[in-house]
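Architecture and fold: a report
Listed here are the chains, written in short residue letters.
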Amino acid sequence: SWVDILRAMRVNLGEKGYDQVPQLSSSRRIDVNETMRVVRNPEGSKRAVLIGINYVGQQGELSGCHNDVLNIKEYLINVHGFEQRNMTVLMDDGGHREPTRANIEDA
């Protein structure tokens, strides 16, 4: 379940000395105790929108969000068979489309 994954992530990060608290947010209501699936229907095109915001140059700048997106992208391609052409990456790194509201809604 999502709860199990978040708990495992917290343990893993804690063991490595990190104090981040992984969180889940969704624009739709989800049952966090339901089994997590990357793809509900494995037929047809698999699509992904990956957003990494480090708030570069701002107070409270984060680190690692860009790496997270790139790692998840590779995971989706290599483990779940996503095609790069069906993935949209938005990051505030100067090398990708910016994660603006308009770009997120367009994705």
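Up top is the structure these notes are about.
To start, this report covers the structure provided alongside it.

Rules used in this analysis
Residues numbered from 1 in each chain as written. Predicted model: local features only at pLDDT ≥ 70, side-chain atom pairs only at ≥ 80, totals over all residues. Heavy atoms only, no water. Helix = DSSP H or I, 4+ residues; strand = E, 2+ residues; numbered from the N terminus. Buried < 20%, exposed > 50% of the residue type's maximum accessible area, 1.4 Å probe, protein only. Areas by Shrake-Rupley, 256 points an atom, 1.4 Å probe, with all protein chains shown as cover. Expected span 1.5 Å × (residues − 1). Salt bridge = Lys/Arg side-chain N within 4 Å of Asp/Glu carboxyl O. Patch = residues over 30% accessible without salt bridge, like charges linked within 9 Å, V, L, I, M, F, W, Y side chains within 5 Å. Pairing = 2+ DSSP bridges. Right-handed = clockwise from strand over helix to strand, strands pointing away. Contact = heavy atoms within 4.5 Å.

Here we look at the overall build of the protein
Helix and strand content of the protein: three helices and two strands. Ordered by position from the N terminus, the helices and strands of the protein form the series α-β-α-β-α. Taking the principal axes of its C-alpha atoms as reference, the protein extends roughly 40 × 35 × 30 Å. Counting over 107 residues, the protein shows a buried share of 20%. When the accessible surface of the protein is totalled, it reaches about 8300 Å², and 45% of it is carbon and sulfur.

What about helix 1 (residues 2–15)?
Helix length check: helix 1, at 14 residues, gives a terminal C-alpha distance of 20 Å against a target of 20 Å (1.5 Å per residue), a fit within 8%. Downstream of helix 1 by a residue or two, G17 has a phi angle that is positive, lying close to 85 degrees.

Section: unusual backbone geometry
Unusually for a residue other than glycine, Y55 sits at a positive phi of about 55 degrees. In this structure, Y55 sits in the loop between strand 1 (48–52) and helix 2 (65–80). By relative accessible area, Y55 is classed as partly exposed at 38%.

Focus: the pattern of salt bridges
If you walk through the whole model with that rule in mind, you get two salt bridges. Taking the shortest distance from any N to any O, the salt bridge between R85 and E83 comes out at 2.6 Å. You can call E83 partly exposed: its relative accessible area is 37%.

Quick notes on a nonpolar patch on the surface
Together, L24, I30 and V32 give the surface a local cluster of nonpolar side chains, amounting to about 190 Å² of exposed area. Along the chain, L24 turns up in the loop between helix 1 and strand 1. What makes L24 partly exposed here is its relative accessible area of 32%.

Some details on the pairing of strand 2 (residues 87–91)
The buried fraction of strand 2 is high, at four of five residues. For strand 1 and strand 2, the ladder comprises five bridges, and the chain directions are parallel. What sits directly across from L50, in strand 2, is V89. In terms of handedness, the path from strand 1 via helix 2 over to strand 2 forms a crossover that is right-handed.

Here we look at the side chain of N86
Residue placement: N86 occurs in the loop between helix 2 and strand 2. For N86, a relative accessible area of 13% puts it in the buried group. In contact with N86, not counting residues within four places along its chain, are S45, K46, R47 and A48.

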